[in-house]
Amino acid sequence: MAKKIGSKTKTPMPCQEARPRARNFSEVALGYSVEMAVAEANRCIECKNRPCIAGCPVEIDIPGFIKAVAENRFVDAAHILKSKNSLPAICGRVCPQEEQCEKVCTLGVKFEPVGVGRVERFVADWARENLADETPQKQPPNGKRVAVVGSGPAGLTVAGDLIQMGYQVTIFEALHKAGGVLVYGIPEFRLPKSIVQNEIDYLLHMGVELQTNVVIGKSLTLDELLSEEGFDAVFIGTGAGLPSFMKIPGINLIGVYSANEYLTRSNLMKAYRFPEYDTPLIRAKNVAVVGGGNTAMDSVRTALRLGADHAYLIYRRSRNEMPARHEEIEHAEEEGVQFHLLTNPVEIFGNERGGVRGMRCQRMELGEPDDSGRRRPVPVPGSEFEVEVDTVVMAVGQGANPVLTSTAPNLKTNKWGNIVADPETCATSIPGVFAGGDIVSGGATVILAMGAGRKAARSIHAYLSDPERSSQTEIQEAVMQG
Amino acid sequence: MHRIVRKNQLAADVVQLEVEAPLIARKRRAGQFVIVHLNEEAERIPLTIADSDPARGTLTLIIQGVGKSTKQLNRLQAGDVIRDILGPLGKPTHIQPNSQVVCIGGGIGAAVVYPIVRAFRESSSQVISIIGARTKSLLILEDEIRALSEQTIVTTDDGSYGMSGFVTDALKRILSNGKVVDEVIAIGPVPMMRAVCKVTREAGVKTVVSLNPIMVDGTGMCGGCRVMVGGKMQFVCVDGPEFDGHEVDFDELTARLKSYTQFEKESLERYENLCGVHCGLPA
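Just so we're clear, the structure is a prediction, and the values are computed from it rather than from any experiment. Counting of residues starts from 1 at the beginning of each chain's written sequence and follows it residue by residue. Lettering for chains starts from A, numbering for ligands starts from 1, and both go in the order in which the items are written. In keeping with the model being predicted, local features are shown solely for residues with a pLDDT of at least 70 and side-chain atom pairs are shown and tallied solely at 80 or more, while totals for entire chains, interfaces and linings include all residues. Hydrogens and waters are ignored; side-chain quantities use all the structure's heavy atoms.

1. A closer look at the overall build of chain A
Let me state the cut-off plainly: Labels follow the DSSP assignment, with helices taken as runs of H or I lasting at least four residues and strands as runs of E lasting at least two, numbered in each case from the N terminus. C-alpha atoms define the radius of gyration in this analysis, and the globule rule sets the expected value at 2.2 Å times the number of residues to the power 0.38. Partly exposed describes any residue whose relative accessible area lies between the buried limit of under 20% and the exposed limit of over 50%, with all areas from a 1.4 Å probe on protein chains only and scaled to the type maximum. Any two residues having at least one pair of non-hydrogen atoms within 4.5 Å are treated as being in contact.
Across its full length, chain A holds 17 helices and 14 strands. In terms of overall size, chain A behaves like a compact globule, its C-alpha atoms giving a radius of gyration of 23 Å where 482 residues would be expected to give roughly 23 Å. Taken over the C-alpha atoms alone, chain A extends approximately 65 × 60 × 50 Å along its principal axes. Within chain A, buried positions represent 59% of all 482 residues. Long-range pairs, those at least 24 residues apart, make up 70% of the contacts in chain A between residues at least 6 apart in sequence.

See below:
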């Protein structure tokens, strides 16, 4: 029986005031109180068909944990949530819920959907504070070893799932800190690093081994993992690759950054605490960030926090086509980011010292839909204008990283250099080697990488439990024929 | 954690550190580099691997103290530790067996050239080495390189030792003697590499340079080390560090190396003030 409808709108998320927060790196959204979480959970009408579960890439029993919260059963809620999602505190903060669970919410047909992400975050944070001493449940060791390459969302999910199934798991991370994009990419103000560290500590507590500063393809090759190092299976989740730069004059001037570099300097290397930390980052007065995704939003909001007077977001399509989460776009606007939509840079100008002085842009209009189904932006003749900027950040996507694949000749890649993997099993062209996340899909989201990780863990388990490895052969052949 | 097992002072402000890094020691080949991250607050900086000892599981790094990060590394002593060392990174040098090559190392570049000289020597190539420095006291690895080379010419800008002049003067002399040279490897400060390339372009001799731009991750993720080579954007950490010197846009490289001059100055001043007058001096 469906419940009666309560409030038509979501319980608002308490946030830091826009003006002060635009100048600090503390988390923007403060999280629900117990009362707010219970009130929001009570908005769920307990509909019969539960479309939200299918809307979730890791198939969380959303109505289950929401009902538990509505009834003040937070321990139950945490168990339901964690049984399907090993990183709920992260997902509650960075998932694009409006495109997933909340998009298909029955309540959302007429009113605002249930704030699933906000309640998820509440449960995860509550569990972190109140259930810290829980001993993780684990299957007895089965003697098999799995190597996980990359400690981003895909790798952490695979590691978390397999360690519970009784595998011995070693994560290899190229950077000096684990977490991948959660650490170098997503800023502190959106995802506090202590939360990521907490999730990693949990995996280590479960028995996962972590080796930082090991780059597979250089320090060790894929072949060596399977032979000398004696791993029974390998998961590759190496994530984002080479950043893309627009082919326009001035792209190599001092002060033109890829979003990867800009964010890595700030987040991983803590350039915002220079000179206490040694890594510098140009403190610009006027910063233009080019792109419309979450990475662009993270960069432009970081620019404000680094002290920019003006932070511009330059995007060639309109607001409707922006791939960023709605909440990030709203937060950026509240904080004073100035949007130049339907605008594209054509040239960056330098000063006598090789730095950035300004940028020429042109207006765009939307034409016919392109391959992505979005309307293609076309330049408006004679619409060029100049903006005065001293830093430009390119957040226009990335290609595949070649470091691992270039030393693994039998690992099949597509024409963009991404690893070819079976969408259902994550199996690659090499038996016992699985891959998922951005290195397979190209730039996507944290939750999709986690979804791939979940599937990969399942099929690694199937592969290592089947002595004949029979099912694998067919998949391999399919991947090879691609 | 990587323990320093040995330290040698090679010249004023130049030290040689032998550090534990067994995995990298086993893997590395001539021309490759590591990213070094001294401690939590430190920068990640690229340093060429000068040598390795797989049996001892150690790497040799040669570091010139220029800014805070390198001066701080140079003050470490045997027994101290470096938090993170990542590698080996970049593509190894392409070593053509049985060839006749000229290897040029300018200043600290001699440390990069040294393992390349050895690799050529081990592949039955004949190596003429030119090592240059501003003045005699800054010269490094002369004996080591001399022992591996068929001929070694030392140049100093001020004439305090060896031939007076630049490495290009020595190179011109070799080329004008009609000596067959299949390839020139030139590693050193950007103006030196540019000058060598000018000479070899005119002489029509293939020239490889090794670039050392600003890097963060060193694994192809950040794009900070991009250079234009033959009109194409290349990432030094994964496509290099060695490129055809006749195709490199040295102007842009020079400009980009100055990206953080102000910050570097501030950082160094602060460091020297914080740790007193002995900071940055050879320990």
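2. Looking at the overall build of chain B
In plain terms, the rule: Note on areas: Shrake-Rupley with a 1.4 Å probe; residue coverage comes only from the protein chains shown. When charges are counted, neither His nor the chain ends are considered; positive counts come from Lys and Arg and negative counts from Asp and Glu. By convention, the charge on Lys lies at NZ, on Arg at CZ, on Asp at CG and on Glu at CD.
Regarding its fold elements, chain B presents nine helices and 16 strands. Taken against the 2.2 N^0.38 rule, which gives 19 Å for 283 residues, the C-alpha radius of gyration of chain B at 18 Å falls within 12% of a compact globule. Taken along its principal axes, the extent of the C-alpha atoms in chain B is 55 × 40 × 40 Å. Put simply, chain B has 283 residues, and 58% of those count as buried. Accessible surface computed for chain B: about 11700 Å², of which carbon and sulfur atoms make up 49%. Charge separation in chain B, taken as the distance between the mean sites of 32 positive and 33 negative side-chain charges, equals 1 Å.

3. Notes on the packing of aromatic side chains
Short version of the rule: Only the six-membered ring of Trp is used, alongside the rings of Phe and Tyr, when aromatic pairs are assigned; centres must lie within 6.5 Å, and planes under 30 degrees apart are stacked while those over 60 apart are edge-to-face, with the rest tilted. Charge-over-ring placement is defined geometrically: NZ (Lys) or CZ (Arg) within 6 Å of the ring centre, and within 35 degrees of the ring normal.
Inspection of every chain in the model, using the stated rule, returns ten aromatic pairs over all chains. Seen from their ring centres, A:Phe74 and A:Phe122 are 5.3 Å apart, and the 75° between their planes marks the pair as edge-to-face. Separated by 48 residues along the polypeptide, A:Phe74 in helix 5 (residues 74-84) and A:Phe122 in helix 7 (residues 116-130) bring together distant segments of the chain. Neither A:Phe74 nor A:Phe122 differs from the other in exposure class; each is buried. Ring centres of A:Phe274 and B:Phe263 lie 5.2 Å apart, and the angle between their planes is 75°; on these two criteria the pair is classed as edge-to-face. Of the two residues, A:Phe274 sits in the loop between helix 12 (259-267) and strand 6 (286-290) while B:Phe263 sits in helix 9 (residues 261-274), which places them in two different chains. A:Phe274 sits in the buried class, given a relative accessible area of 13%. Judged by relative accessible area, which is 16%, B:Phe263 ranks as buried. Cluster of aromatic residues (ring-pair linked, three or more members): A:Phe25, A:Phe189 and A:Tyr272. Directly above the aromatic system of A:Tyr202 lies the positively charged group of A:Lys82, at a separation of 5.0 Å from the ring centroid.

4. A few points about the sheet that holds strand 14 (residues 433-435) of chain A
Residues and elements named next belong to chain A. Here is the rule: Here the rule is simple: two strands pair whenever DSSP picks up at least two bridges between them. Lines fitted to the C-alpha atoms define the axes, with helices restricted to the stretch that makes contact. Angles between their N-to-C directions range from 0 to 180 degrees.
Pairing is parallel in the open sheet, where five strands are placed in the order 3-2-1-4-14. The strands lining the two open edges of the sheet, one partner per strand, are strand 3 (209-211) and strand 14. Direction aside, the axes of adjacent strands within the sheet are offset by 20° on average. As defined by bridge partners, strand 4 (residues 233-236) adjoins strand 14 across three bridges and the pair is classed as parallel. The residue bridging Val234 from the neighbouring strand is Val433, located in strand 14.

5. A few points about the interface of chain A and chain B
For clarity, the threshold we go by: Defined in terms of a 1.4 Å probe, buried area is the accessible area two parts forfeit on being brought together, summed over both. Throughout this description, the term salt bridge denotes a Lys or Arg side-chain nitrogen within 4 Å of a carboxyl oxygen of Asp or Glu. For this analysis, a polar contact is any N or O atom pair within 3.5 Å, provided that within protein one partner can donate a hydrogen and the other can accept it, and provided that sequence-adjacent residues contribute only side-chain to side-chain pairs. Ten residue types, Ala, Val, Leu, Ile, Met, Phe, Trp, Tyr, Cys and Pro, are classed as nonpolar, four, Asp, Glu, Lys and Arg, as charged, and the remainder, Gly among them, as polar.
Taken together, the contact pairs 44 residues of chain A with 46 residues of chain B. Summed over both sides, the interface between chain A and chain B buries roughly 3800 Å², with carbon and sulfur atoms accounting for 57% of that surface. Sorting the residues of chain A by area buried against chain B places A:Lys218, A:Asn252 and A:Asp278 first, and these three jointly supply 19% of that buried surface. Here chain A is connected to chain B by three salt bridges. In this structure, A:Asp278 engages B:Lys68 in a salt bridge whose closest nitrogen and oxygen atoms are separated by 2.7 Å. The tally of links between chain A and chain B comes to 20 residue pairs in polar contact (both at pLDDT 80 or more). Counting only elements with at least two residues in the side of chain A that touches chain B, the list comes to strand 5 (256-258) and helix 12 of chain A. Among the elements that line the side of chain A that touches chain B, the one with the most residues is helix 12 of chain A, at four residues. Residues that form the side of chain A that touches chain B fall into these classes: 23 nonpolar, eleven polar and ten charged.

6. Some details on helix 12 of chain A
Each turn of an α-helix holds 3.6 residues, which means side chains three or four residues apart point in the same direction. All names here are of chain A. Counting buried positions along helix 12 gives nine out of nine residues, so the element sits mostly inside the fold. Every buried residue belonging to helix 12 is among Ala259, Asn260, Glu261, Tyr262, Leu263, Thr264, Arg265, Ser266 and Asn267, and all of these are buried. In this structure, the buried residues of helix 12 make contact with helix 9 (181-184), strand 5, strand 6, helix 13 (294-305) and strand 13 (391-394).

7. Description of the pattern of salt bridges
Residue and element names in this part refer to chain A. Evaluation of the coordinates by the stated rule reveals 43 salt bridges over all chains. With a shortest N-O distance of 3.2 Å, Asp61 and Arg50 are connected by a salt bridge. Taken as a pair, Asp61 in the loop between helix 3 (51-55) and helix 4 (62-70) and Arg50 in the loop between helix 2 (34-41) and helix 3 lie far apart in primary sequence, eleven residues in all. Relative accessible area serves as the criterion here: at 26%, Asp61 is assigned to the partly exposed category. The class for Arg50 is partly exposed, based on a relative accessible area of 36%. Members of the salt-bridge network, linked through shared partners, are Arg21, Arg118, Arg190, Asp298, Arg301, Arg305, Arg325, Glu327, Glu328, Glu334 and Glu335.

8. Some points on the sheet that holds strand 5 (residues 58-64) of chain B
Residue and element names in this part refer to chain B. Overall, antiparallel pairing links the seven strands, which are arranged 6-1-2-5-4-3-7 in an open sheet. In the strand order of this sheet, the two ends are held by strand 6 (81-82) and strand 7 (84-89), each with one partner. Sheet topology places strand 1 (residues 2-11) next to strand 2 (residues 14-20); six bridges connect them, and they run antiparallel. Among the inter-strand pairings, Asn8 is bridged to a residue of strand 2, identified as Gln16.

9. Here we look at the environment of B:Arg28
All names here are of chain B. Following the sequence through the fold, Arg28 ends up in the loop between helix 1 (22-27) and strand 3 (33-37). Along the primary structure Arg28 and Lys91 are separated by 63 residues, whereas in three dimensions their C-alpha atoms are 9.9 Å apart. Leaving out residues up to four positions away in the same chain, Arg28 has contacts with Ile49, Asp51, Ser52, Leu59, Pro88 and Pro115. In terms of polar contacts, Arg28 uses its side chain to reach the side chain of Ser52, at 3.1 Å.

10. Here we look at the domain arrangement of chain B
In many reports, interface size means the accessible area that the parts give up when they come together. Residue and element names in this part refer to chain B. Heads up, the rule is: Segmentation of the chain into domains, including their bounds, is taken from an automatic or database domain assignment.
Domains assigned within chain B are domain 1 (2-89) and domain 2 (100-188). Each of domain 1 and domain 2 has a C-alpha centre, and the two are 23 Å apart. Between domain 1 and domain 2, the residue contacts involve 14 residues of the former and 13 residues of the latter. At the surface where domain 1 touches domain 2, the tally comes to one salt bridge. Put simply, Arg118 and Asp51 hold a salt bridge, and the shortest N to O gap is 3.5 Å.

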